[in-house]
Amino acid sequence: MHPTAPRVRLRQRCIRFAAILFTLMFAVTGRAQSATNGLIMLIEFEKIEGVRHWERELDQRGLTALIQAQYNVLKEYPNDFERLAKKGYPIAGLYAEKPFWDVPYDEQYARMREAKEAVERITRKPMRLFGSRYFAYDENTLRAADALGIEYVLGRGTAGALATIYSPREYKAKVISVSNVPFAEMGTGSFCDYSLWARGSTDQDFAALVDKVIASRPSDLIFVSHAYLGGTSVQWWRTYENALAHTEVKWRGFDAWVRNVKVGNLPYTEIPVNREVKYEVPRPAVPLEKLELLPDLFRGDSR
């Protein structure tokens, strides 16, 4: 063997290693610079003023949101939801009376069908998503969704602030696992105003947590607002307003958001489940009635 051969081989290995290291560093840097794929989701089962405020603000930014509305609000304000659907807001069904954990199939199917009929009567579009209280679901929920032709079930977060989509191999319906965050000793909950408010968070706590989550750069994020809170309170709205201005997040409409999420195809039994709820009885630092309301909130809908 030529005496220089070992040195040549060593040099070649070093070059290959350097090339691999450079490639990995470039990939990591590229991911770090990529904006988070963000989706705004609104929940409403009480009023309409917060939804209208959100609509005005999103109109100004050329954005839309996913909206989950309960039947009583749909029934009282059909023109609002018809208008939102025409603008491209998906209207999801909501059953807020109880979480769909260990609820019999027939009951889940009936509640889901009622929600579907209420949404479609107003929007004249297929209802594509459904969620129960606390984003709870089980296998009966997926069975009912398949029977009713519903594409997505909203699920309690299982990957921290990272939102993700699971595709259980046994079903057509997919599970959208929403962003989930901890707060103090009150456990984890959805990345949203109500969840933090109910766990004793102040608006300052909420703002600090939102900045922290966005700075962590999750690849995919769902930022939820109970519109009667985040869409009506001066202090809580300010945090959403700031979040919408963050360049670290690319806020997208629902379909564009879904296209950018990597879907986890797994057997149902291997999909992570989160049933933790430590705030069934809200313990707010500041009651709703004590919050300062946005000006001109009750000016009505003149569109």
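See the structure shown above.
Residues numbered from 1 in each chain as written. Predicted model: local features only at pLDDT ≥ 70, side-chain atom pairs only at ≥ 80, totals over all residues. Heavy atoms only, no water.

(A) Layout of the pairing of strand E4 (residues 129–132). Here E4 shows no split at all, with Leu129 and Gly131 on one side and Phe130 and Ser132 on the other all buried. Examined bridge by bridge, strand E3 (residues 91–95) and E4 share 3 bridges and lie parallel to one another. When the bridges of E4 are listed, Leu94 appears paired with Gly131. What joins E3 to E4 is helix H5 (residues 105–123), and the crossover it makes is right-handed. (Buried < 20%, exposed > 50% of the residue type's maximum accessible area, 1.4 Å probe, protein only. Helix = DSSP H or I, 4+ residues; strand = E, 2+ residues; numbered from the N terminus. Pairing = 2+ DSSP bridges. Right-handed = clockwise from strand over helix to strand, strands pointing away.)

(B) Fine view of the side chain of Asn180. In this fold, Asn180 is placed in strand E8 (residues 180–182). Using a relative accessible area of 7% as the deciding quantity, one classes Asn180 as buried. There is a polar contact of 3.1 Å between the side chain of Asn180 and the side chain of Thr188. Not counting residues within four places of it along the chain, the set of residues in contact with Asn180 comprises Gly157, Gly160, Ala161, Thr188, Gly189, Ser190, Phe191 and Asn274. (Polar contact = N/O pair within 3.5 Å; in protein donor to acceptor, adjacent residues only side chain to side chain. Contact = heavy atoms within 4.5 Å.)

(C) Quick look at the environment of Ala65. By the element assignment, Ala65 lies in the loop between helix H2 (49–61) and strand E2 (66–70). Linking Ala65 and Phe254, residues 189 residues apart in sequence, is a C-alpha distance of 6.8 Å.

(D) Expanded view of helix H6 (residues 139–148). Listing the buried residues of H6 in full gives Thr141, Leu142, Ala144, Ala145 and Leu148. Buried residues of H6, viewed axially, fall in a sector of 165 degrees; they line one side. Check the buried side of H6 and you find it contacts H5, strand E5 (152–155), strand E6 (164–168) and strand E7 (174–177). Of the residues that open H6, the one with a side-chain oxygen 3.0 Å from the backbone nitrogen of Asn140 is Asp138. A positive backbone phi angle near 70 degrees is found at Gly149, which sits one or two residues after H6. (Arc of directions from axis to C-beta.)

(E) Looking closely at the layout of surface pockets. Here the largest pocket is characterised by a volume of approximately 270 Å³. Considered class by class, the residues forming the lining of the largest pocket number 9 nonpolar, 5 polar and 2 charged. (1 Å grid on protein atoms, 1.4 Å probe; cavity = no way out; pocket = protein on both sides within 12 Å on 5 of 7 lines; lining within 4 Å. Points joined across faces, edges and corners; volume = space filled by probe spheres on them. Nonpolar A, V, L, I, M, F, W, Y, C, P; charged D, E, K, R; others polar.)

(F) View of the environment of Pro282. With respect to the helices and strands, the residue Pro282 is situated in the segment after strand E12 (263–266). With 82 residues separating them along the chain, Pro282 and Gly200 place their C-alpha atoms 7.8 Å apart. Beyond its immediate sequence surroundings of up to four residues, Pro282 is in contact with Tyr194, Trp197 and Ala198.

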